[in-house]
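Per-entry structural report
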Amino acid sequence: MTSRLPLSVFIIARNEADRIARPIESVIDWVHEVIVVDSGSSDDTVAIAENLGARVVFHEWLGYGPQKRHGEDQCKHDWILNLDADEEVTPELAAEIKAKFADQTYNDADGWRIMIRDMYAHESTPAPWAYGYHQIRLYDRRKGRFSDSTVHDTVRPEPGAKIENLSGIMAHRSIRSLDFQVEKYNRYSAMQVEDMRSRGRRLPKSRLITEFPVSFFKAYFVRRYRKYGWWGLILSMNYAHARFLRVAKAYEAELRNKKNAP
């Protein structure tokens, strides 16, 4: 199949010069367009994306959901494939998507979930046991759109929409370094607490005791980080601390709220 698919790809980005090439290069030769929604990069993200053939549009950062909804609005086609700047389509997934467009079976569903598996800087492919999760990333925007949540970026299908799974995987390079990971979960935990408070959700104080050990167990055994050896121990400790930090910040916000109450 030599022609480009009637498919739009969009990627949200900010200061992703070291990573933006991979997602673009994984799709640029076989889709109709690649759009990068940039929220004000101060590095070479924009130049790299444009040199690779992507169309770059600026949109002020308003949160994950609003940013992705703006990306959807920039697309020429109703069928959309969404990638994050730290992800890339594997050759197997690309072949599967091309085949579905070739025989029109992409229309067998209104949206397709893709397994997104973690891959680290010292790896060339995701490990067979790598933690992964299904998300709707290939979809008809007439049958579903990203939510407008500032924290959660998830496609919400319309009632009655048919959702199926693709078998190919997407590689997810979420951790540049441990410094980057710690900064990311520190920032993200603050956003989660703000979101919870806006919805009136409160976390029980008992979770200050249980959150870390329970989360460590989940990461080390359920997510199978133990299979990475010492690296898996580090990942599990950081995951547990990220979860604990969210609970701690929620409690801190409660204390400040009581102090400022009349």
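Predicted model, so just to flag it, every value in this text is computed and none were measured. Sequence positions are assigned chain by chain, starting from 1 and proceeding in written order. A pLDDT threshold of at least 70 governs which residues receive local features in this predicted model, and a stricter bar of 80 or more applies before side-chain atom pairs are shown or counted, although totals over entire chains, interfaces and linings include all residues. No hydrogens and no water enter the side-chain calculation; it runs on all heavy atoms of the structure.

What follows deals with the nonpolar core. Residues enter a nonpolar core if they are buried and are Ala, Val, Leu, Ile, Met, Phe, Trp, Tyr or Cys, with the set joined through side-chain atoms within 4.5 Å. For every residue, the accessible area obtained with a 1.4 Å probe (protein chains only) is divided by the maximum for its type, and the residue is called buried under 20%, exposed over 50%, and partly exposed between those limits. Counting 33 residues, the largest nonpolar core has Leu 7, Trp 30, Leu 81 and Ile 97 as its most contacted members. Going along the chain from the N terminus, every DSSP run of H or I of four or more residues is numbered as a helix, and every run of E of two or more is numbered as a strand. Contributing elements (two or more residues each) for this core: strand S1 (5-13), strand S2 (31-38), strand S4 (79-84), helix H4 (91-102), strand S6 (111-118) and strand S10 (163-172). Among the elements that take part in this core, S1 stands out by supplying five residues, more than any other. Residues count as neighbours in contact if any of their non-hydrogen atoms are within 4.5 Å of one another. With near-sequence residues (within four places) excluded, Trp 30 lies in contact with Arg 4, Leu 5, Leu 7, Leu 81, Val 89, Ala 94, Ile 97 and Lys 98. Ranked by size, the runner-up nonpolar core spans 15 residues in total, among them Cys 75, Ile 80, Tyr 139 and Val 151.

Here the focus is the UniProt feature "domain: Glycosyltransferase 2-like" (unreviewed entry) in the protein chain. UniProt tags residues 8-135 as "domain: Glycosyltransferase 2-like" (unreviewed entry). Overall, residues 8-135 shows 27% helix and 30% strand. The separation of its end C-alpha atoms is 17 Å. UniProt positions are given in the numbering used here, feature names are shortened, and annotations may be inferred rather than shown by experiment.

This next bit is on a nonpolar patch on the surface. There is a patch of nonpolar side chains on the surface, built from Phe 217, Phe 221 and Val 222 and spanning about 310 Å² of accessible area. One can find Val 222 in helix H6 (residues 207-222). Patch definition: residues above 30% relative accessible area lacking any salt bridge, with like charges linked at up to 9 Å and the nonpolar side chains Val, Leu, Ile, Met, Phe, Trp and Tyr linked at up to 5 Å. Reported accessibility uses the Shrake-Rupley method at a 1.4 Å probe radius. Residues are deemed covered only where the shown protein chains occlude them. A pairing counts as a salt bridge when a side-chain nitrogen of Lys or Arg comes within 4 Å of a carboxyl oxygen of Asp or Glu.

What follows is about the environment of Thr 105. With respect to the helices and strands, the residue Thr 105 is situated in the loop between H4 and S6. Each C-alpha atom of the pair Thr 105 and Leu 166 lies 12 Å from the other, and the pair is 61 residues apart in sequence. Ignoring any residue separated from it by four or fewer positions in sequence, one finds Thr 105 in contact with Lys 100 and Trp 112. Side-chain atoms alone can form a polar contact between residues adjacent in sequence; in general such a contact is a pair of N or O atoms within 3.5 Å, and within protein one must be able to donate a hydrogen while the other accepts it. At 2.6 Å, the side chain of Thr 105 forms a polar contact with the side chain of Asp 103.

The subject of this paragraph is the side chain of Glu 88. Here Glu 88 shows up in strand S5 (residues 87-89). Among the polar contacts made by the side chain of Glu 88, one reaches the side chain of Arg 173 at a distance of 2.8 Å. Dropping the residues within four chain positions of it, Glu 88 is found in contact with Arg 22, Pro 23, Ser 26, Met 119, Met 170, Ala 171 and Arg 173.

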